[in-house]
Amino acid sequence: MKHPEDQRAYKDPVCGMEISRKTALEEFVYRGKAYYFCAPACRQTFEGNPEQYIRTHRQHGLRQG
Ligand SMILES: [Zn+2]
């Protein structure tokens, strides 16, 4: 299947919803990487604490439950 458009799925790091660049309403670049969001509210949440949602590094002392 060939698609001329970029239809890769991006994951909204805040709510976990899968979106494409076409359907994404918000974009935010953090540390040189673009993140896409389904809604302005999600972007704002991400902006407030990006590290919490990226989770590229596991931090010690992070407890869940
Ligand atoms: Zn979202």
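For the structure itself, look to the data block above.
Criteria and cut-off values
Residues numbered from 1 in each chain as written. Predicted model: local features only at pLDDT ≥ 70, side-chain atom pairs only at ≥ 80, totals over all residues. Heavy atoms only, no water. Core = buried A, V, L, I, M, F, W, Y, C linked by side-chain atoms within 4.5 Å. Buried < 20%, exposed > 50% of the residue type's maximum accessible area, 1.4 Å probe, protein only. Helix = DSSP H or I, 4+ residues; strand = E, 2+ residues; numbered from the N terminus. Contact = heavy atoms within 4.5 Å. Polar contact = N/O pair within 3.5 Å; in protein donor to acceptor, adjacent residues only side chain to side chain. Pairing = 2+ DSSP bridges. Donors = N, O, S within 2.8 Å, 3.2 Å for Na, K, Ca; no water. Tetrahedral: all angles 85-135°; square planar, octahedral: opposite > 155°, others 65-115°. Salt bridge = Lys/Arg side-chain N within 4 Å of Asp/Glu carboxyl O.

(A) Fine view of the nonpolar core. If you look at the biggest cluster of nonpolar residues, it comprises twelve residues: Tyr 10, Ile 19, Ala 24, Phe 28, Tyr 30, Tyr 35, Tyr 36, Phe 37, Cys 38, Cys 42, Phe 46 and Ile 54. Elements that contribute at least two residues to this core include exactly strand E3 (26-30), strand E4 (33-37) and helix H1 (40-48). Non-local contacts of Tyr 10, meaning those with residues more than four positions away in its chain, are made with Met 17, Glu 18, Ile 19, Ser 20, Arg 21 and Tyr 36.

(B) The side chain of Glu 26, seen in detail. Counting through the fold element by element, Glu 26 comes out in strand E3. Under the relative-accessibility criterion, Glu 26 is labelled buried at 19%. Within the structure, the side chain of Glu 26 is placed 3.4 Å from the side chain of Arg 43, a separation counted as a polar contact. Contact partners of Glu 26, with chain neighbours within four places excluded, come to Tyr 35, Tyr 36, Phe 37, Ala 39, Pro 40 and Arg 43.

(C) The arrangement of the pairing of E4 in detail. By the bridge criterion, five bridges tie E3 to E4 in an arrangement that is antiparallel. Among the inter-strand pairings, Glu 26 is bridged to a residue of E4, identified as Phe 37. Linking two consecutive strands that pair antiparallel, namely E3 and E4, is a turn of two residues; a positive phi of about 50 degrees is found at Arg 31 within it.

(D) How the structure looks around the coordination of the zinc ion. Taken together, the protein ligands of the zinc ion are Asp 12 (OD), Cys 15 (SG), Cys 38 (SG) and Cys 42 (SG), with distances of 2.0 to 2.3 Å. Given four donor atoms and angles of 100 to 122 degrees at the metal, the environment of the zinc ion is assigned as tetrahedral.

(E) Local environment of the pattern of salt bridges. Applying the stated criterion across every chain yields a total of three salt bridges. Residue Glu 51 pairs with Arg 31 through a salt bridge whose shortest N-O separation is 3.0 Å. Here Glu 51, found in helix H2 (residues 50-54), pairs with Arg 31, found in the loop between E3 and E4; they are 20 residues apart in sequence, far enough to count as distant. Overall, Glu 51 belongs to the partly exposed group, its relative accessible area being 28%. Note that Arg 43 and Glu 47 form a salt bridge whose closest N and O atoms lie 3.2 Å from each other. Here the residue Arg 43 and the residue Glu 47 both occupy positions in helix H1, the gap between them amounting to four residues, near one helical turn. Residues joined in a network through salt bridges with shared partners are Glu 26, Arg 43 and Glu 47.

It is worth stressing that arrangement in space is one thing and function is another; only the former is reported here.
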